[in-house]
Amino acid sequence: MNNSVHSNGSAHGSNGAEDKLDELRHLLGKSEGDPLRIVGIGAGAWGSVFTALLQDSYGHFRDKVLIRIWRRSGRSVDRATSEHLFEVINSREDVLRRLIRRCAYLKYVEARLGDRMLYADEILKDGFCLNMIDTPLCPLKVVTNLQEAVWDADIVVNGLPSTETREVFEEISRYWKERITVPIIISLAKGIEAALEPVPHIITPTQMISRATGVPIENILYLGGPNIASEIYNKEYANARICGAEKWRKPLAKFLRQPYFIVWDNSDLVTHEVMGGLKNVYAIGAGMVAALTKESATSKAVYFAFCTSEMIFITHLLAEEPEKLAGPLLADTYVTLLKGRNAWYGQMLAKGELSLDMGDSIKGKGMIQGVSAVRAFYELLSQSSLSLLHPDENKPVAPVELCPILKTLYKILITRELPSQAILQALRDETMNDPRDRIEMAQSHAFYRPSLLGQPQ
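Residues numbered from 1 in each chain as written. Predicted model: local features only at pLDDT ≥ 70, side-chain atom pairs only at ≥ 80, totals over all residues. Heavy atoms only, no water.

Undergrad: Before we move on, can you summarise the side chain of Q347 with the specific residues and values?
TA: Its place among the elements puts Q347 in helix α15 (residues 341–351). When residues no more than four places from it in sequence are discounted, the contact partners of Q347 are G287, M288, A290, A291 and E295. (Helix = DSSP H or I, 4+ residues; strand = E, 2+ residues; numbered from the N terminus. Contact = heavy atoms within 4.5 Å.)

Right, dumping it as structure tokens:
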């Protein structure tokens, strides 16, 4: 098949794109003339990039697929961001030419001069995500009416923060009451909620979606990996896993795969989703350690060893045979600790350039999901009903007592009883056990607590 030039001005080989699209359309029972309808919900950095990747790969097959993205209307772009956006546009000849060709350039000139207001949904149509201004995307079909976006969608991509997922999908469920076909949902959300009644348990984004909409969990998948949104859109090589029921994960992995974005499939939905939330927790601490030690490689490595042992410990509470912390699962943790927005947030807190009073939704970055995840995991793992035998003291303790990094982050971020510097004190505690001891304890099958996922003991 011939190469094609997409609307962002970059050329891509089709790589059998039409064949992959036809294959997925066939699986979904789409007839000729009835386009496959894909909609992204939420326009943060990763949600916008994911939709833009699909648009770049498949959007030119207009009679076979319709790709759209929903975001709320009314979010204005401040003057400083408008000025920066204008600089970005003028630094990229391809973007500048595209806007002039679409008669869209003048509004950015007027916004730069302060003569008009820009809105987030308006600039997204031209390929600018408010949380990622420096990386122009291809133009996107933007819908601000949620009912219009989802009522007939075949595939819904959840790009919302986990803290907003339940509310939005409860609204979506109202628009799906008359549906005959069951949609497929791919969730990109990373985070959990903790529920303490009737027994302490976690609620993951895929569970939130299933409970809100009634869509069976077999039709809901999670996609995660070492994905820095701007780098992926700039075609830096990356990989990911799509997790869930075999019926859909294998064909979707094939559909989503690109030469620069390799997608594998995996059956362990729980571990990947929980790890997606946990890595954001520990990334905040990683940012603090980096800032407080002036990027000491040794200190960051020590922190990495301790935090990954706590992550493994926690996942063994939730799954009898959790996926090992390796491959994309380990890479996702590593890149988030290295460069993600949660690590950036930890750095800014430790440097005093941000304060906790500013909240966890930060201009230009979006929602810092690690903060709510710290609270959720701490509250869950501090329940006495989940007590374990302490290896040294030979007495029952709540699981959180064996997770000193998580405890310290809770006291820094949530109760605010400790300063950021306390993360180093926790790391340098002379009584701290070898991280290997925590992992060995976790790997005992007696450790597994199925009730944490709302399952019977």
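Undergrad: Tell me about the environment of T204, and please be specific about residues and values.
TA: Tracing the backbone shows T204 in the loop between β11 (201–203) and α9 (205–213). The buried category is assigned to T204, whose relative accessible area is 3%. Sequence separation between T204 and Q443 is 239 residues; the distance between their C-alpha atoms is 23 Å. Aside from chain neighbours lying at most four places away, what touches T204 is G191, I192, E273 and V274. (Buried < 20%, exposed > 50% of the residue type's maximum accessible area, 1.4 Å probe, protein only.)

Undergrad: Tell me about the UniProt feature "domain: Glycerol-3-phosphate dehydrogenase NAD-dependent C-terminal" (unreviewed entry) in the chain, residues and numbers included.
TA: UniProt records the feature "domain: Glycerol-3-phosphate dehydrogenase NAD-dependent C-terminal" (unreviewed entry) for residues 268–423 in the present numbering. Counted over residues 268–423, helix gives 61% and strand 5%. Its end C-alpha atoms are 32 Å apart. (UniProt positions renumbered as here; feature names shortened; annotations may be inferred.)

Undergrad: Go over the nonpolar core with me, naming the residues and quoting the values.
TA: Counting 63 residues, the largest nonpolar core has Y282, Y303, I314, Y345 and L413 as the members making the most contacts within it. Sorting the residues of this core by element identifies α12 (269–292), α13 (297–318), α14 (327–339), α15, α16 (369–381), α17 (404–413) and α18 (422–427) as the ones contributing at least two each. Examining the composition of this core, we find that eleven residues originate from one element, α12, more than from any other. The contacts of I314, once residues within four sequence positions are left out, are L278, Y282, F377, L381, C403 and L406. The next biggest cluster of nonpolar side chains, apart from the first, holds 46 residues, and it includes I155, I186, F255 and L256. (Core = buried A, V, L, I, M, F, W, Y, C linked by side-chain atoms within 4.5 Å.)

Undergrad: Break down the environment of D265 for me, with residues and values.
TA: Within the secondary structure layout, D265 lies in strand β14 (residues 261–266). With sequence-adjacent residues up to four places away left out, D265 is seen in contact with I242, R249, K250 and A253. In terms of polar contacts, D265 uses its side chain to reach the side chain of R249, at 2.7 Å. Within the local environment of D265, its side chain forms a polar contact with the side chain of K250, the two groups lying 3.2 Å apart. (Polar contact = N/O pair within 3.5 Å; in protein donor to acceptor, adjacent residues only side chain to side chain.)

Undergrad: Describe the pattern of salt bridges, naming the residues involved and giving the relevant values.
TA: The tally for this structure, following the rule as stated, stands at 28 salt bridges. For D22, the salt bridge goes to K64, with nearest N and O atoms at 2.9 Å. With D22 in helix α1 (residues 17–27) and K64 in the loop between α2 (45–58) and β4 (65–70), this residue pair connects regions lying 42 residues apart in the sequence. Note that R37 and D152 form a salt bridge whose closest N and O atoms lie 3.0 Å from each other. Residue R37 is located in strand β3 (residues 36–41), and its partner D152 is located in the loop between α7 (146–150) and β8 (155–158); the two are separated by 115 residues in the primary sequence. Several salt bridges converge on common partners, so that one network encompasses K30, D34, R37, R68, D152 and D154. (Salt bridge = Lys/Arg side-chain N within 4 Å of Asp/Glu carboxyl O.)

Undergrad: Go over helix α19 (residues 435–442) with me, naming the residues and quoting the values.
TA: P435, R438 and A442 are the residues of α19 that are buried. With its buried residues spanning 60 degrees around the axis, α19 presents them on a single face. At its buried positions, α19 is contacted by α13 and α17. (Arc of directions from axis to C-beta.)

Undergrad: Just give me the short version of unusual backbone geometry, but keep the residues and values in it.
TA: Following E197, the chain continues into P198 via a peptide bond in cis, with omega recorded as -5 degrees. Among the secondary structure elements, P198 is positioned in the loop between β10 (193–195) and β11. Residue C103 is not a glycine yet carries a positive backbone phi of 55 degrees. Following the sequence through the fold, C103 ends up in the loop between α4 (93–101) and α5 (105–112). One non-glycine residue with positive phi stands out, namely K294, at about 55 degrees. Inspection of the secondary structure assignment puts K294 in the loop between α12 and α13.

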